Amino acid sequence: SNNSNKKSPVVASDANADRLAASLCRMRGAALKMGQMLSIQDESLLPPALSRALQQVRQGADAMPKKQLLAQLEKHLGEDWKDRFLTFDDLPFAAASIGQVHRATLKSNQNGKQRDVVVKVQYPGVADSIDSDLGNLTMLVKMTGLAPKGLFIDNVIRVGRDELKVECHYLTEMKHQQRFQQLVHSDTFLSQNKFVVPSVISDLTTPQIITSEFAPGGTIDKVSGLSQQERNRIGRAIFYLTIQELFVWRFMQTDPNWGNFLYDIGTGTTTLIDFGAAREYSKDFVDGYLRIVWANANQDEETLMEQSHRMGFLTGQENSIMLEAHKQSGFTLGEPFQQRSNGEPFDFRGSKISTRLSEKSSAFLRHRLTPPPEEVYTLHRKLAGAYMLCIKLGAVVHTRDLLETVIRNHTFEDGLEPPKL
């Protein structure tokens, strides 16, 4: 039943949670994708057992047995694959959702230096089992009564399935990474802030193996020991990057987990990695969404509601609880961009913004009448990720000017009056 007062028999106990986690681990790629799709909806709403099961899946991935790894390498890079590397570390140093990552070095290039690389090898059979795994997962979640009606779980799964299918194609990921590298490296602000994207080694990349330059540094959530000034710089640059991706490039890396930003303390360089989950947004969608963000930044209820109906966020049949939740969560998301009378920067951690956002989301799950436009799944995951990163960094930054610059330079093609600055 969907009634949260009754304990769901399937996941009520810890033993069941462990069993659930074990079956989720066997469908790791699909389970992680589903967890990623649901975590943007706010994990505090999921029953603790399911949250815990998803947490276990995130942490534990069994490495491929060595024999299987070598078979994958031979199948995709050829029998002589070993000759193409100087060294190759058989033990993975990281797990990806649908593969594992190995350190390696390549024979010297022009200057005689060896080149450090990372090789991501896809688990065999992942791509073929997406449909059945996600089907089984949907059944599990429905059986356990864990999916509130307003979650529109079938939609969540459908969007997740499409994303996962794209992520299984490492040649597509290579194209995304090359495109991102070009965009990031040709952007003056990002270059000044030492944001970089590693090069892909295209002749060691196939549909199931991708080889990139090794990037030094640790995940960005470890930088809490840096000076406030440096944390502010990184936070503001991440916000700038997010706004560029959505409104200017209309091409976004949609997996904002901390592991995809590597920070090198020695040089202050931030490396962006993992472009499997990148996607384009249509001009039409971006024009409309930019109006919504600007309305939120200015607490302009009329434009927010008008535009939300126009874009299909609302049907016009919603009850007052849902409309109020829609408005409040929009305005809360807009807070970093609001004009503050004292001209103070926005304190991400001090503002408790994430707590207030999750308070709003339970109303969505109960009263929402229509699933959001499907672009929104990836988009809100990305925005939530940027906010969470800034909270983790303890960043206190101005962001309104970044949005104003975008509005000033944006050509709206939707036939409506451009927004007033």
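(A) Representation of the side chain of Thr378. One can find Thr378 in helix α14 (residues 375-393). Residue classification places Thr378 among the buried positions, given a relative accessible area of 2%. From its side chain, Thr378 meets the backbone oxygen of Glu375 in a polar contact 2.8 Å long. If we ignore the near neighbours within four places in the chain, the residues touching Thr378 are Glu163, Thr254, Arg279 and Tyr281.

(B) Main features of the packing of helix α9 (residues 228-249) against helix α15 (residues 400-409). At a minimum axis distance of 10 Å, the contact between α9 and α15 shows a crossing angle of 20°. Comparing their axes, α15 and α9 come out roughly parallel. Helix-helix and strand crossings are classified by hand; for α9 and α15 the assignment is right-handed. Contact with α9, carried on its side by Arg236, Phe239, Tyr240, Ile243, Gln244, Phe247 and Val248, involves Asp401, Leu402, Leu403 and Val406 of α15 and no other residues of that element.

(C) Quick look at the pairing of strand β9 (residues 261-264). Going residue by residue along β9, you find Phe261 and Tyr263 tucked away on one face and Leu262 and Asp264 tucked away on the opposite face as well. Two strands pair when backbone bridges link them, and strand β7 (residues 218-219) and β9 are joined in this way by 2 bridges, in the antiparallel orientation. Opposite Gly218, over in β9, you have Tyr263 as the bridge partner. Bridge count for β9 against strand β10 (residues 269-272) is 4 bridges, and the pairing is antiparallel. Paired with Tyr263 across the strands is Thr270, a residue of β10. From the end of β9 to the start of β10, which pair antiparallel, there are 4 residues, and Gly268 there has a positive phi angle of about 70°.

(D) Representation of the packing of helix α10 (residues 283-297) against α15 within the structure. Their axes nearest at 11 Å, the elements α10 and α15 cross at an angle of 140°. One way to sum up the angle between α10 and α15 is to call them oblique. Where α10 crosses over α15, the handedness of that crossing is left-handed. Residues Leu290, Val293, Trp294 and Ala297 of α10 pack against Arg400, Leu403, Glu404, Val406 and Ile407 of α15. Class assignment of the residues belonging to the contact of α10 with α15 gives a composition of 7 nonpolar, no polar and 2 charged.

(E) Local environment of the sheet that holds strand β5 (residues 195-196). Reading across the sheet, the 4 strands line up as β5-β10-β9-β7 and stay open at both edges, with mixed pairing between neighbours. Across the chains shown, the open sheet's two edge strands, defined by having one partner strand only, are β5 and β7. Seen against the sheet, α9 touches β5, β9 and β10 and runs at an angle of roughly 150° to β9.

(F) Just the pairing of β10, in detail. Of the two faces of β10, the one lined by Thr269 and Thr271 and the one lined by Thr270 and Leu272 are each fully buried. Here 2 bridges tie β5 to β10, and the two strands are oriented parallel to one another. Residue Phe195 lies in a different strand from β10, and its bridge partner there is Thr270.

(G) Layout of empty space enclosed by the protein. Inspection of every chain in the model, using the stated rule, returns 3 cavities of 30 Å³ or more. What lines the second largest cavity is simply Phe180, Leu241, Glu245, Gln253, Asn260, Phe261, Leu272, Ile273, Phe275 and Lys382. Residues of the lining of the second largest cavity, tallied by class, amount to 6 nonpolar, 2 polar and 2 charged.

(H) Region of interest: helix α4 (residues 66-77). For α4, which comprises 12 residues, the first-to-last C-alpha distance of 16 Å matches the rise-based estimate of 16 Å (1.5 Å per residue) to within 8%. Among the residues of α4, those classed as buried are Leu69, Gln72, Leu73, His76 and Leu77. One side of α4 holds all its buried residues, which, seen down the axis, span an arc of 95°. With respect to the buried face of α4, the exposed residues turned more than 90 degrees away are Lys67 and Lys75.

(I) Structural view of the pattern of salt bridges. Scanning all chains against the criterion turns up 20 salt bridges. A salt bridge links Glu230 to Arg233; the nearest nitrogen and oxygen atoms lie 2.8 Å apart. Separated by 3 residues within a single helix, Glu230 and Arg233 lie in helix α9, roughly one turn from each other. Note that Lys283 and Asp287 form a salt bridge whose closest N and O atoms lie 2.6 Å from each other. Taken as a pair, Lys283 and Asp287 lie in helix α10 at a separation of 4 residues, close to a single helical turn. Neither Lys283 nor Asp287 differs from the other in exposure class; each is buried.

(J) Spotlight on the nonpolar core. One finds Ile238, Phe239, Phe247 and Tyr289 to be the most contacted residues of the largest nonpolar core, which totals 66 residues. Every residue in contact with Phe239, bar those within four places of it in the chain, is listed here: Phe337, Phe348, Ala386, Tyr387, Cys390, Thr399 and Leu402. Core analysis: the second largest hydrophobic core is formed by 44 residues, Val57, Trp81, Phe88 and Ala104 among them.

(K) How the structure looks around the environment of Asp131. By the secondary structure assignment, Asp131 is in helix α5 (residues 126-143). Separated by 34 residues in the primary sequence, Asp131 and Lys165 place their C-alpha atoms 9.4 Å from one another. Each residue touching Asp131, except ones within four places of it in the same chain, is listed here: Arg161 and Lys165. A polar side-chain atom of Asp131 sits 2.9 Å from a polar atom in the side chain of Arg161.

What counts, and at which threshold
- Residues numbered from 1 in each chain as written.
- Predicted model: local features only at pLDDT ≥ 70, side-chain atom pairs only at ≥ 80, totals over all residues.
- Heavy atoms only, no water.
- Helix = DSSP H or I, 4+ residues; strand = E, 2+ residues; numbered from the N terminus.
- Buried < 20%, exposed > 50% of the residue type's maximum accessible area, 1.4 Å probe, protein only.
- Polar contact = N/O pair within 3.5 Å; in protein donor to acceptor, adjacent residues only side chain to side chain.
- Contact = heavy atoms within 4.5 Å.
- Axes fitted to C-alpha atoms, helices over the stretch in contact; angles between N-to-C directions.
- Parallel < 35°, antiparallel > 145°, perpendicular 65-115°, else oblique.
- Left-handed = near helix turned anticlockwise from the far one by under 90°.
- Pairing = 2+ DSSP bridges.
- Nonpolar A, V, L, I, M, F, W, Y, C, P; charged D, E, K, R; others polar.
- 1 Å grid on protein atoms, 1.4 Å probe; cavity = no way out; pocket = protein on both sides within 12 Å on 5 of 7 lines; lining within 4 Å.
- Points joined across faces, edges and corners; volume = space filled by probe spheres on them.
- Expected span 1.5 Å × (residues − 1).
- Arc of directions from axis to C-beta.
- Salt bridge = Lys/Arg side-chain N within 4 Å of Asp/Glu carboxyl O.
- Core = buried A, V, L, I, M, F, W, Y, C linked by side-chain atoms within 4.5 Å.

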